[in-house]
Amino acid sequence: MYSFEPSDEQKMLINAVNRYATSDLRKAAHDAEENKALPPRVISKGWELGVLQASIPEAYSGFGERSAVTGALAAEELAFGDLAGALAVGIPGLFALPILLAGSEEQKKLYLPTIIEADWQPYTAALIEPSFDFDPNELKTTAKAEASHYVLTGGKTFVPFANQAQAMIVYARLEKGTKAFIVPMGAAGLKVGAEREKLMGLNAVPFFNVALEGVKVPLANLLPGDFAPILDSSRVAVAAMAIGVAKAAFEYSRDYAKDRDVFGVKVAQKQAIAFMLAEMMTEIEAIRLLVWEAAWAIDNKKEDASLRAYLAVTGASDMAMMVTDRAVQILGGHGYIREHPVELWMRNGRGFATFTGLAML
Amino acid sequence: MIDFEMPEKIAGTRLVVETVAVNMMRPVSRYFDEHEHEVPWDYINFMHTATRAMGGSSMVPSEKKEGPRFGFQRLAVMVEVLSWGDAGIYLCTPGGMLGSAAVSATGTPEQKERFLKRFRGETPVFDAMCMTEPQAGSDTSAIRATAVLDKEKKEWVLNGEKIFVTSGHKAMLDSEGFIVVWATIDPAAGRAGMRPFVVEARTAGCQVTKMEHKLGIRASDTVSILLQDCRVPFENLLGSPEVVTDKATTGFKGAMATFDATRPIVAAQAIGLARATLELLKEMLADRGVTIRYGLPRQKLTSVEKDVIEMEIQLRSAWWLVLKAVWMMDNGKPNSLESSMSKVRAGDVVNRITQKAVEIMGPLGYSREYLLEKWFRDAKISDIYEGTGQINRLVVARQILGYRSSELR
């Protein structure tokens, strides 16, 4: 039966995450971007909200059950505060959730409790590759099976916290499809770039490129499950974050337009601006439902969940670009100045078509 | 709990309606497009018989019984499928439509019984809504039709001219139906003076004067109605007697409450047409060896693939907005924001999709051999009636900005 309202439990979670996002993440965002670092206490406080912990079953030291819908709701709120902060807080999930979704029982027992019971620690994942036609289903990084191990060869980019991570998931092409491998940080042939990557946005998160020069990992480090559910979940999480960023930009530009005088009235009283805001709101609402639909399809194991997740992230990245661009436009010259957050949101907004693999919730 | 599963009860209805759309609408789509003002009686009679057999009487959901309500959700799904069949013929569906929606939204229980029971009879009956006038479309406060109370005879005397009345001919001349006329009881009061009146077929002083020739939805009649000292009983003013003297904006609020219910339904019509277009486009492309490679990064897609994927995204997301608006309606949640957003979005989407489909198919899209060009013409009305896209943007903007109409004109 149709329902477009989160459960009471989900509403409580949304409220808690929203409080953290507005009072901690949002406040830290500007300086974090400029100084290229998030205060560690902000990250730990986000970790203590327990969003990831709540999606891991008790058997592996968590206290809940995986729900893509709940994850999407939390992801939107986190990104509403700040996208870099949202990604940073969720970094351990990049390692833990693929194991939960595609790992063997042994792998789950071996890795999940360690991550869940500890304070926030950087565990990461390497999916994106530095080529214009990067396709998660047609990776150029390869895995070759040998008698006692796999050999991973290739190059990755946009690997968050690679310099500090305890371990990472590396996605590589094994025979015909993408597979996930657990790679410990000290592995021979694994080379983390000497310098941080320089990106248009997300400067508060340290990103590195990673070279895999014949890295050998034991056969037991292959996650046996399919890649599709991992990709679908990441697409939905990224799409949900796009909504959070768009919502932030919409609300900020709406409030600015209501406050600023022009020709004897408020900017928002001009139809040219009011209609832009109406369209932004409509677009956000429509795409949010598309994202919820995809998350719901994942949770209910619908056959076309992958299609829905693909449509959701594609629609959400377009929507985020449109909304953040208009938010800058509504602020005019002020939108272009880094004192206001809308230009950062526009830089972040442009990235959603590229960010798949950077978030899992 | 968020749930995107269609309730079984609605899914059952949907299957039945789909059979009608495939077998009784599509085959005659082109015929009724090219024979404007002919009436699709086969469809009408079938729908009437079928609805009676199922114990229904009207497209408009009846009052609440026990348990969860999905009347408006069901209606939206039915309209989507019928409009997928043919948007013009769908508008000829007998039983309560916009007029009944006004009766349901603003009438007393006695009025609902009195005016709506006619739809349960032997023959198909229609209704219509009369708002627009030659000098007043979107600006409903400029409406000049008047209603004057004759206290001795306890009758209202209506005068004025209404235009663009959908199904007005069928309501007043082809059946014992009725129209709901919006007129003012106090021309100085603006919107506050507006009230809805029911005028039944064969009422003296009410005349159908013109049938329009239109860009699309040609199977549906659109007429002008002239009211000259047209007398209706006192009880034909919809709502409780106090609304006669109440100087607040209750009158117009009735119209707005009606729109909250009808806008998502008009949006559903747009979605059905958009889905029909996208499905046919994909079929025609597949016949010519073009399949859409969903899942690929955009850099690897062809321009046509990108267009189709974008259409898919627009269509689905707009449909969920529509369903959310009717779901709120069924659950008694205030939905005028969602209702207008669904209309804005669906009106945009159906126009973009039908325009793009004609463009992608080139000469085949422009040819009357195929239905794409017809659907492109049919689509445009969804962005015009029941509030243009611009009026609905105003409604949305005022709500999200917290502005009264005087603050955002």
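In this text, all values refer to a predicted model and were calculated from it rather than measured experimentally.

Definitions and cut-offs
- Residues numbered from 1 in each chain as written.
- Chains lettered and ligands numbered in written order.
- Predicted model: local features only at pLDDT ≥ 70, side-chain atom pairs only at ≥ 80, totals over all residues.
- Helix = DSSP H or I, 4+ residues; strand = E, 2+ residues; numbered from the N terminus.
- Rg over C-alpha atoms; globule rule 2.2 N^0.38 Å.
- Contact = placed C-beta atoms within 7 Å.
- Nonpolar A, V, L, I, M, F, W, Y, C, P; charged D, E, K, R; others polar.
- Pairing = 2+ DSSP bridges.
- Expected span 1.5 Å × (residues − 1).
- Buried ≥ 20, exposed ≤ 12 C-beta atoms within 10 Å, placed from the backbone.
- Arc of directions from axis to C-beta.
- Bend = angle between axes of the 7 residues up to and from the residue.
- Core = buried A, V, L, I, M, F, W, Y, C linked by C-beta atoms within 7 Å.

Draft legend 1. Seen up close, the overall build of chain A. Helices and strands together make up the secondary structure of chain A, namely nine helices and nine strands. In terms of overall size, chain A behaves like a compact globule, its C-alpha atoms giving a radius of gyration of 20 Å where 361 residues would be expected to give roughly 21 Å. C-alpha atoms of chain A, sized along the principal axes, occupy 80 × 50 × 35 Å. Partitioning the intrachain contacts of chain A with sequence separation of at least 6 by distance along the chain shows that 75% fall at a separation of at least 24.

Draft legend 2. Broad picture of the interface of chain A and chain B. Contact residues are listed per partner, giving 38 residues for chain A and 37 residues for chain B. Broken down by secondary-structure element, the contributors of at least two residues to the side of chain A that touches chain B are α6 (228-259), α7 (271-299) and α8 (305-331) of chain A. In terms of residue count, α7 of chain A provides more of the side of chain A that touches chain B than any other element does, 14 residues in total. Along the lines of polarity and charge, the residues of the side of chain A that touches chain B split into 23 nonpolar, eight polar and seven charged.

Draft legend 3. A look at the pairing of strand β2 (residues 142-145) of chain A. Residues and elements named next belong to chain A. Examined bridge by bridge, β2 and strand β3 (residues 149-160) share four bridges and lie antiparallel to one another. Across the sheet, residue Ala143 finds its bridge partner in β3, namely Leu152. The turn linking β2 back onto β3 is made up of three residues. Note that β2 and strand β4 (residues 167-174) share two bridges and pair parallel. The partner of Ala143 across the bridge, within β4, is Leu174.

Draft legend 4. Structural context of helix α3 (residues 41-53) of chain B. All names here are of chain B. In this model α3 runs 18 Å from its N-terminal to its C-terminal C-alpha over 13 residues, within 8% of the 18 Å that 1.5 Å per residue would give. Residues of α3 that are buried include every one of Tyr43, Ile44, Met47 and His48, and no others. Taken down its axis, α3 places every buried residue within 130° of arc, on the same side. When the buried face of α3 is taken as reference, the exposed residues oriented beyond 90 degrees from it are Trp41, Asp42 and Ala53. Buried residues belonging to α3 abut α1 (8-25) and α5 (87-90). Following α3 by one or two positions, Gly55 adopts a phi angle in the positive range, close to 80°.

Draft legend 5. Local environment of helix α4 (residues 83-102) of chain A. All names here are of chain A. End to end, α4 covers 26 Å across 20 residues, agreeing with the expected 28 Å (1.5 Å per residue, within 8%). Within α4, the axis deviates most sharply at Gly90, by approximately 50°, and proline Pro92 lies no more than four positions further along. Taken across its 20 residues, α4 has 20 buried, putting it largely inside the fold.

Draft legend 6. Geometry of the nonpolar core. Residues Phe181, Val236, Leu277 and Val291 of chain A together with Val322 of chain B are the most contacted members of the largest nonpolar core, which totals 267 residues. No other element matches the 19 residues that α7 of chain A contributes to this core. If sequence neighbours within four positions are ignored, Val236 of chain A has contacts with Ala68, Ala72, Val291, Ala294, Ala295, Ile298, Ala309 and Ala312 of chain A.

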